[in-house]
Amino acid sequence: MAHSDNEHAHSHGHSHSHSHDHTEPPPELELKVKALESLLVEKGLVNPEALNAIIDNYEHKVGPRNGAHVVAKAWVDASFKEALLADATVAVAELGYFGRQGEHLRVVENTAHTHNLVVCTLCSCYPWTVLGLPPTWYKSAPYRARAVSEPRQVLAEFGTTLPDKTKVRVWDSTSEMRYLVMPVQPVGTEHWSEERLRGLVTRNSMIGVELAKSIDDNSEQA
Amino acid sequence: MKGGHDLGGKQGLGPISPEPESEEPVFHAEWERRVFAMTLATGMLGQWNIDESRFARESQHPVDYLKNSYYENWLAGIQNLLVSKGLVSEEELAAACGAQKAAAQLIIPNAQEALRIIGTGGPTRMPSDTVPTFNIGDTVRAKKMHTKGHSRLPAYAQGSIGIIEENYGCHVYPDKNSLGEHVGEYLYRVRFSSSSLWGSSGENAYENEVLIDLWQPYLENFE
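Residues numbered from 1 in each chain as written. Chains lettered and ligands numbered in written order. Predicted model: local features only at pLDDT ≥ 70, side-chain atom pairs only at ≥ 80, totals over all residues. Heavy atoms only, no water.

### Side note on the packing of helix H1 (residues 27-42) of chain A against helix H4 (residues 70-84) of chain B
Describing two packed helices takes the angle between their axes plus the distance from one axis to the other. At their nearest, the axes of H1 of chain A and H4 of chain B sit 12 Å apart, and the two run at 35° to each other. Pair H1 of chain A / H4 of chain B crosses with left-handed handedness. Within the contact between the two elements, H1 of chain A uses Leu29, Lys32, Val33, Leu36 and Leu40 of chain A and H4 of chain B uses Glu72, Leu75, Ile78, Gln79 and Leu82 of chain B. Within the contact of H1 of chain A with H4 of chain B, the residues separate by chemical class into 7 nonpolar, 1 polar and 2 charged. (Axes fitted to C-alpha atoms, helices over the stretch in contact; angles between N-to-C directions. Helix = DSSP H or I, 4+ residues; strand = E, 2+ residues; numbered from the N terminus. Left-handed = near helix turned anticlockwise from the far one by under 90°. Contact = heavy atoms within 4.5 Å. Nonpolar A, V, L, I, M, F, W, Y, C, P; charged D, E, K, R; others polar.)

Structure follows, in structure tokens:
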């Protein structure tokens, strides 16, 4: 199995090639995939242009910016937020986001007392319409195993520490319901425009492993 | 089945080691793009549904499932389905050379149709004329179910006591859908306290809860 984790700078001397084996795939695997594609095309079972369109859609058209749009709008628009929490599928469709892996969407709101975290222990269910495809770690065995049993340790690995009193609610996506976390709006951004707020809403904050960027985080990057 | 995929609560798997969000590409290699697209495109042929697709991945040997990278498991899944549904033969896969047995009667989506299918999605909510067995607030136990087929009742929840938090209505029931039977069952969100799932160790000093979406046949009354 190919193994390259040099860019991740792991300090734990632990082998976990299975979730990071991407920079140099074994040549036999690449060949196998190419051969399968040729076979399917030759048999007329797939249209090569359809394959390219699918890839382009998920690589360039849908992604966490959709979700950031949804969350930022909910922060500035109370009636949209109410509609979103009541029926996210409908509210989000009105912004133009609908389709596969977003047919039954639910938005769960973080508050001062409750923090939500989303996982799929059985596979990799994820709200594609608003977040795009899931990151590698979300699909990895350690995350799927541990998010339900030790969520606070998992959060700590993302640098997220919650007050002891905060209740953690972990959503295991076992059905076709899809969950999107609405992070708490950062302090001091009350008068920001929706456009500007979008920049604070990270993918990880909408999965629930991190909080939205604070003003300080944001200015560091700017 | 409690295969290699049923990971909730498994231990010894190490840290998560996420890539920084700003640096992570959608795909990490060209072959991943191709496997992803082939999986969606062949799924659009209508020869199998999402639960059959999941079952094809999770019925691999657990050692293979855990050793494979994510898209290697997807590759194993479509190979398994293409053969079991008779679209491709074992020999063709082995030789990876085209033969007859073309897809004359199948509709092969072009780029535009593929994007339309993606944009439409496939809702799983179904009408029902039965009354749900459980009400919001009921105390229930997740059954112990040692089925050989596909199921979405995670092993870690089995035998634990929870509370019905919401009724999502009837949704396609995966255990039957994976066998090609399109029937609905009530789907509930069930709230489990950490201590109900994991006992009094670990993080139970905190008030953690796990919400699991469970179909009615997975649940029994608990007095």
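### A word on the confidence of the model for chain A
Should the pLDDT be low somewhere, the predicted coordinates at that spot are not to be read in detail. Across chain A, pLDDT averages 89, with 87% of residues at or above 70. pLDDT under 50 marks residues 1-22 of chain A. Its contacts with residues more than four places away, or in other chains, come to 44 contacts. (pLDDT = per-residue confidence, 0-100.)

### Structural notes on the side chain of Arg106 of chain A
Secondary-structure assignment places Arg106 of chain A in strand E1 (residues 104-109). On the basis of relative accessible area, Arg106 of chain A is assigned to the buried category, the value being 18%. In terms of polar contacts, Arg106 of chain A uses its side chain to reach the side chain of Glu166 of chain B, at 2.7 Å. (Buried < 20%, exposed > 50% of the residue type's maximum accessible area, 1.4 Å probe, protein only. Polar contact = N/O pair within 3.5 Å; in protein donor to acceptor, adjacent residues only side chain to side chain.)

### Regarding the packing of helix H2 (residues 48-61) of chain A against helix H6 (residues 111-120) of chain B
Where H2 of chain A contacts H6 of chain B, the two axes come as close as 7 Å, and the packing angle between them is 40°. Between H2 of chain A and H6 of chain B, the interaxial angle falls into the category oblique. Handedness of the crossing formed by H2 of chain A with H6 of chain B: right-handed. Residue-level contacts link Glu49, Ala50, Ala53, Ile54, Asn57 and Tyr58 of chain A of H2 of chain A to Ala111, Ala114, Leu115 and Ile118 of chain B of H6 of chain B. Here the contact of H2 of chain A with H6 of chain B is built from residues that sort into 8 nonpolar, 1 polar and 1 charged. (Parallel < 35°, antiparallel > 145°, perpendicular 65-115°, else oblique.)

### Focus: the pattern of salt bridges
Within this structure, the stated rule accounts for 25 salt bridges over all chains. Where Asp56 of chain A meets Lys61 of chain A, a salt bridge forms, and the shortest distance between an N and an O atom there is 2.6 Å. With a closest N to O distance of 2.8 Å, Glu176 of chain A and Arg54 of chain B form a salt bridge. Residue Glu176 of chain A is found in the loop between strand E3 (167-172) and strand E4 (177-182), and its partner Arg54 of chain B is found in helix H2 (residues 50-58); the two belong to separate chains. Look at Arg54 of chain B and you get buried, because its relative accessible area is 5%. (Salt bridge = Lys/Arg side-chain N within 4 Å of Asp/Glu carboxyl O.)

### Quick word on the packing of aromatic side chains
All names here are of chain B. One pass over the structure, following the stated rule, counts 21 aromatic pairs over all chains. Ring geometry for Tyr70 and Trp74: centres 5.4 Å apart, planes at 45°, overall tilted. Residue Tyr70 and its partner Trp74 are both found in helix H4; the two are separated by 4 residues, about one turn of the helix. Summarising the aromatic geometry, the rings of Tyr71 and Trp74 are spaced 5.5 Å apart at their centres and angled 75° between planes, so their arrangement reads as edge-to-face. Highlighted residues: Tyr71 and Trp74, both in helix H4, separated by 3 residues, approximately one helical turn. (Phe/Tyr/Trp six-rings, centres within 6.5 Å; stacked < 30°, edge-to-face > 60°.)

### Quick notes on the interface of chain B and chain A
With 96 residues of chain B in contact, the opposing surface of chain A contributes 87 residues. Buried surface at the junction of chain B and chain A, summed over both partners, amounts to about 8,200 Å²; 61% is from carbon and sulfur atoms. Put simply, chain B and chain A have 10 salt bridges between them. Between Glu165 of chain B and Arg169 of chain A there is a salt bridge, with the nearest N and O atoms lying 2.7 Å from each other. For the pair chain B and chain A, the number of links is 37 residue pairs in polar contact (both at pLDDT 80 or more). A total of 11 residues in the side of chain B that touches chain A trace back to one element, the largest contributor, which is helix H1 (residues 30-43) of chain B. Looking at the side of chain B that touches chain A residue by residue, the classes come out as 52 nonpolar, 21 polar and 23 charged. With 5 bridges connecting them, E3 of chain A and strand E5 (residues 208-215) of chain B associate as parallel partners. Counterpart to Val170 of chain A in the pairing with E5 of chain B is Val210 of chain B. (Buried area = accessible area lost by both parts, 1.4 Å probe. Pairing = 2+ DSSP bridges.)

### Re the environment of Lys139 of chain A
Secondary-structure assignment places Lys139 of chain A in helix H7 (residues 136-139). Spatially, the C-alpha atoms of Lys139 of chain A and Cys125 of chain A are 8.8 Å apart, while their sequence positions differ by 14 residues. Once you skip the residues sitting within four places of it in the chain, Lys139 of chain A turns out to touch Ser124, Pro134 and Arg144 of chain A together with Tyr70 and Tyr71 of chain B.

### A short note on the side chain of Gln79 of chain B
Position of Gln79 of chain B relative to the elements: it lies in helix H4. Not counting chain neighbours up to four residues away, the residues in contact with Gln79 of chain B comprise Lys32 and Leu36 of chain A together with Leu93 of chain B.

### Let's talk about H2 of chain B
Most of H2 of chain B is tucked away: 7 of the 9 residues are buried. In the core, the buried residues of H2 of chain B are packed alongside E4 of chain A together with H1, helix H3 (62-67), H4 and helix H7 (174-177) of chain B. The residue sitting at the N-terminus of H2 of chain B and contributing the capping side-chain oxygen is Asn49 of chain B; that oxygen lies 3.0 Å from the backbone nitrogen of Asp51 of chain B.

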